[in-house]
Amino acid sequence: MASLGFASTVSAGNSDPVQRLLATKQCRGCNLNGAFLANTNLAGADLRGAKLQGANLSQANLKNANLASADLGSAYLWQADLSNANLSYTALGSANLSNADLQRANLSHTNLSNAYLWKANLSGATLTNANLANANLSSANLSRANLSGANLQDTYLWGAALDGVIGLDR
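Thresholds, definitions, all that
Per-chain numbering applies: the sequence of each chain, read as written, is numbered from 1 onward. Where totals are concerned, whole chains, interfaces and linings use all residues; where local detail is concerned, this predicted model gives features only for residues with pLDDT of at least 70, and gives and counts side-chain atom pairs only at 80 or more. The side-chain figures draw on all heavy atoms in the structure; neither hydrogens nor water molecules are used. Helix and strand assignments come from DSSP, with helices taken as H or I runs of at least 4 residues and strands as E runs of at least 2, each series counted from the N terminus. Here the radius of gyration uses the C-alpha set of atoms, whereas the globule reference equals 2.2 Å times the residue count to the power 0.38. Remark: exposure states derive from per-residue accessible area (1.4 Å probe, protein chains only) relative to the maximum for the residue type, with buried under 20%, exposed over 50%, and partly exposed in between. The criterion used for residue contact is that any of the two residues' heavy atoms lie within 4.5 Å. Residue exposure ignores everything except the shown protein chains as possible cover, and the areas themselves are Shrake-Rupley values with a 1.4 Å probe. When charges are counted, Lys and Arg are positive and Asp and Glu negative, with His and the chain ends excluded. Charge positions come from single atoms, namely NZ of Lys, CZ of Arg, CG of Asp or CD of Glu. What makes a nonpolar core is a set of buried Ala, Val, Leu, Ile, Met, Phe, Trp, Tyr and Cys residues whose side-chain atoms join them at distances within 4.5 Å. For salt bridges, the criterion is a side-chain nitrogen of Lys or Arg within 4 Å of an Asp or Glu carboxyl oxygen. Criterion for a disulfide: a pair of cysteine sulfur atoms within 2.5 Å. The definition of a polar contact used here is a pair of N or O atoms within 3.5 Å, where within protein one atom must be able to donate a hydrogen and the other to accept one, and adjacent residues in sequence count solely through side-chain atom pairs.

Looking only at helices and strands, the protein chain features two helices and zero strands. Taking 15 Å as the expected radius of gyration for a compact globule of 170 residues, we find that the protein chain reaches 16 Å, a close match to that expectation. Split into buried and exposed, the 170 residues of the protein chain put 46% on the buried side. Intrachain contacts of the protein chain at a sequence separation of at least 6 include 1% that bridge at least 24 residues. In the form shown here, the protein chain has an accessible surface area of approximately 7700 Å², with 47% of it arising from carbon and sulfur atoms. Here the protein chain carries 10 positive and 8 negative side-chain charges, and the mean point of each set is 7 Å from the other.

This is the structure:
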């Protein structure tokens, strides 16, 4: 009887989107605003169009996850692994991505205005047409990143590694 109760709490049809996400790694368009998902393994998860405003995803494994068009405004992604993730057209304004691994991530057309990316690893990332206005990229690794068409107005790049960056007029 207890195992049946457990199965129903993590089934794909569960109305709790956090439990559904943890059980299936599928939560397209879900409302996860303010969710506590720190230290979770969400590698390869489908979170396209999900609402994750203010969510805590610190140290979460989101490697190869699809977060296209998701809203992660003011989310906490400290030390999150977002390598190879699809974050195109995602809202990450005022998000904390310090020490996050964004190697080879697709951040094209993404809003990163006022985001905190101190010591983030963005090597090989695609940031074409991204909005980085007022973002803090101090000590970030941007080597081989593509910044073509990116808005870098008032972006803080002190100590950032810029070797081989594409589209950056220095």
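A few words now on the nonpolar core. L72, L77, L82, L97, L102 and L117 are the most contacted members of the largest nonpolar core, which totals 52 residues. Non-local contacts of L72, meaning those with residues more than four positions away in its chain, are made with L52, L57, L67, L77, L87, T90, A91, L92 and A95.

What follows concerns the pattern of salt bridges. What the rule picks out here adds up to one salt bridge. Here R48 makes a salt bridge to D46, at a shortest N to O gap of 2.6 Å.

It is worth spelling out unusual backbone geometry at this point. Positioned with a positive phi, Q59 is a non-glycine residue whose angle comes to about 60°. Here Q59 lies in the segment after α2 (17-24). Q59 gets classed as partly exposed once you look at its relative accessible area, which sits at 35%. Despite not being glycine, N99 shows a phi value in the positive range, around 60°.

Okay, the state of the cysteines next. Under the definition given, this model contains one disulfide. A sulfur-sulfur distance of 1.9 Å marks the disulfide that ties C27 to C30. Between C27 and C30, the S-S dihedral sits near -100°, and the bridge is therefore left-handed. The pair formed by C27 and C30 is uniform in burial state, with each residue classed as buried.

This part covers the environment of A120. Within the secondary structure, A120 sits in the segment after α2. Placed 90 residues apart in sequence, A120 and C30 show a C-alpha to C-alpha distance of 27 Å. The contacts of A120, once residues within four sequence positions are left out, are L97, N99, A100, L102, A140 and N141.

Attention now moves to the environment of A38. Tracing the chain through its elements places A38 in the segment after α2. C-alpha separation for the pair A38 and S58, spaced 20 residues apart in sequence, amounts to 4.7 Å. The residues contacting A38, other than those within four sequence positions of it, are N56, L57 and S58.

This brings us to the environment of S58. Mapping S58 onto the fold places it in the segment after α2. Given a relative accessible area of 8%, S58 falls into the buried group. Separated by 21 residues in the primary sequence, S58 and Q79 have C-alpha atoms spaced 5.9 Å apart. At 2.9 Å, the side chain of S58 forms a polar contact with the side chain of N56.

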